Amino acid sequence: MSKYKVLLFYKYVNVENPEKLVEDHLDWCLQHDIRGRVFFAAEGVNGTVSGTLGNIEKYKAHLTSYPKFSDIWFKEDDTEEHAFKKMHVRLKKEIVHGNLQDVKLEHGGKKLSPEDLLRFYEEGKEFVIVDARNWYESMIGRFKNAITPPLKNFREWKKYVDEELVKYIDKPVVTYCTGGIRCEKASAYLVEKGFKEVYQINGGIFNFIKKYPDTYWEGGMFVFDERRVVLPNSKPELKHIAKCHFCGVPTSYYINCHSVDCDRIIVCCHHCKVKNDYCCSEECRRSQNKRKVYHG
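Draft legend 1. A look at the pattern of salt bridges. Under the criterion given, the structure shown has 29 salt bridges. Among the ionic pairs, Asp 225 bridges to Arg 227, the shortest N-O distance being 2.9 Å. Among the ionic contacts, a cluster of salt bridges with common partners joins Lys 5, Glu 57, Lys 60, Glu 76 and Asp 78.

Draft legend 2. Focus on helix H6 (residues 181-192). When the terminal C-alpha atoms of H6 are compared, their 18 Å separation across 12 residues agrees well with the 16 Å that a helix rising 1.5 Å per residue should span. Of all 12 residues making up H6, 10 are buried, and the element is well covered by its neighbours. Turning to H6, its buried residues number three or more, namely Ile 181, Arg 182, Cys 183, Glu 184, Lys 185, Ala 186, Ser 187, Ala 188, Tyr 189 and Leu 190. Within two residues after H6, Gly 194 carries a phi angle of roughly 105°, on the positive side.

Draft legend 3. How the structure looks around the layout of surface pockets. For the largest pocket, the calculated volume is near 850 Å³. Mapped onto the lining of the largest pocket, the elements with two or more residues apiece are strand S1 (4-12), strand S2 (35-41), strand S3 (44-52), strand S4 (75-79) and H6. Residues that form the lining of the largest pocket fall into these classes: 16 nonpolar, 8 polar and 11 charged. Arg 37, Phe 224, Asp 225, Glu 226 and His 295 are, among the 19 residues lining the second largest pocket, the residues nearest its centre. Looking at the lining of the second largest pocket, the elements with two or more residues in it are S2 and strand S16 (254-256).

Draft legend 4. Quick peek at the nonpolar core. With 27 residues, the main nonpolar core has Trp 157, Val 161, Leu 165, Leu 190 and Phe 195 as its most contacted residues. Secondary-structure elements contributing two or more residues to this core are S1, strand S7 (128-131), helix H5 (157-163) and H6. The biggest single contributor to this core is H6, with 6 residues.

Draft legend 5. Highlighting the side chain of Asp 77. Tracing the backbone shows Asp 77 in strand S4. Separated by 2.7 Å, the side chains of Asp 77 and Lys 210 make a polar contact.

Draft legend 6. Broad picture of the sheet that holds S2. The sheet built from 5 strands is open, its strands ordered S4-S1-S3-S2-S5 with mixed pairing. Strands at the two margins of the open sheet, each flanked by one partner only, are S4 and strand S5 (87-91). Going from strand to strand, the sheet's axes swing by 15° on average, the running direction of each strand aside. The pairing of S1 with S4 spans 5 bridges and is antiparallel. Note that in S4 the partner of Leu 8 across the bridge is Lys 75. Contacts between helix H2 (residues 53-64) and the sheet are confined to S1, S2, S3 and S4, with S3 contributing the most and set at about 160° to the helix. The strands touched by H6 within the sheet are S1 and S3, with S1 carrying the most contacts at an inclination of about 25°.

Draft legend 7. A look at the sheet that holds strand S10 (residues 197-201). Pairing within the open sheet is parallel, and its 4 strands lie in the order S6-S10-S9-S7. Both outer strands of the open sheet, strand S6 (110-112) and S7, are each paired with one neighbouring strand and no more. The mean angle between the axes of side-by-side strands here comes to 30°, regardless of whether they run parallel or antiparallel. When S7 meets strand S9 (residues 172-176), the two strands line up parallel, connected through 4 bridges. In the strand pairing of S9, Val 128 is matched with Val 173. The sheet strands contacting helix H3 (residues 114-122) are S6, S7, S9 and S10, and the helix crosses S6 at an angle near 80°. Strands in contact with H6 are S6, S9 and S10; relative to S10, the strand with the most contacts, it is inclined by about 175°.

Conventions we followed
Residues numbered from 1 in each chain as written. Predicted model: local features only at pLDDT ≥ 70, side-chain atom pairs only at ≥ 80, totals over all residues. Heavy atoms only, no water. Salt bridge = Lys/Arg side-chain N within 4 Å of Asp/Glu carboxyl O. Helix = DSSP H or I, 4+ residues; strand = E, 2+ residues; numbered from the N terminus. Expected span 1.5 Å × (residues − 1). Buried < 20%, exposed > 50% of the residue type's maximum accessible area, 1.4 Å probe, protein only. 1 Å grid on protein atoms, 1.4 Å probe; cavity = no way out; pocket = protein on both sides within 12 Å on 5 of 7 lines; lining within 4 Å. Points joined across faces, edges and corners; volume = space filled by probe spheres on them. Nonpolar A, V, L, I, M, F, W, Y, C, P; charged D, E, K, R; others polar. Core = buried A, V, L, I, M, F, W, Y, C linked by side-chain atoms within 4.5 Å. Polar contact = N/O pair within 3.5 Å; in protein donor to acceptor, adjacent residues only side chain to side chain. Pairing = 2+ DSSP bridges. Axes fitted to C-alpha atoms, helices over the stretch in contact; angles between N-to-C directions. Contact = heavy atoms within 4.5 Å.

Listed below in structure tokens is the structure:
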């Protein structure tokens, strides 16, 4: 049995005095050895944290003791150790930065359960499924037949919809992201642009792969913690969709180049990671400006 858990959670809700929450929350987390990242804003909370089984249960009880967060949905994953090295609690204008403050959440796409999505695939429904994550997330994993926009960040969603995705305005469109938070506004933007039939996967990729591994998710799921990737599938043909930058072996692991001046994200197997000193090229290996510690 794993000794630690990782929680992924968010909730859009009007929060009064989020500045005070930031200060109190950080103090509580430091006292209970909870690590990770939590963002508060006037529009809600977004976080991912890790801790021992006992401390995670205390954390859930603590956060839900606030009436505004009493019904928050914690998505849980087992891990053998802390998934983060430090605890950061920040005050933000948006809990996910996408320049979508003017979008109305009540316009969000219909929540599609993992069972519904499975049925869409198995019954051969005609639909477009589109990734609302960044390019480096989708390069290691995606839903079958998904459109994977070359987004450098979520702020580019509007531009992509306006210039590219609009061609599917009359088709059923399903949006997805890791835990569902980006799709709350991404799908609402589609509805407000006039898309006729819009869905968002309830609970995101995380919820689907927990229930239906080895089906229609291909590859690994990018995570923003020290694990770097979650591998839900056991079928060899579904385990990896990416290949090592150096040797071409199938893998879902990635690193940031160890050269601070580069910081390029590359898919890289563990063997080549070590062999190449966590760098993407010979030039970067010779760089004098490298991180103090190896990351990844």
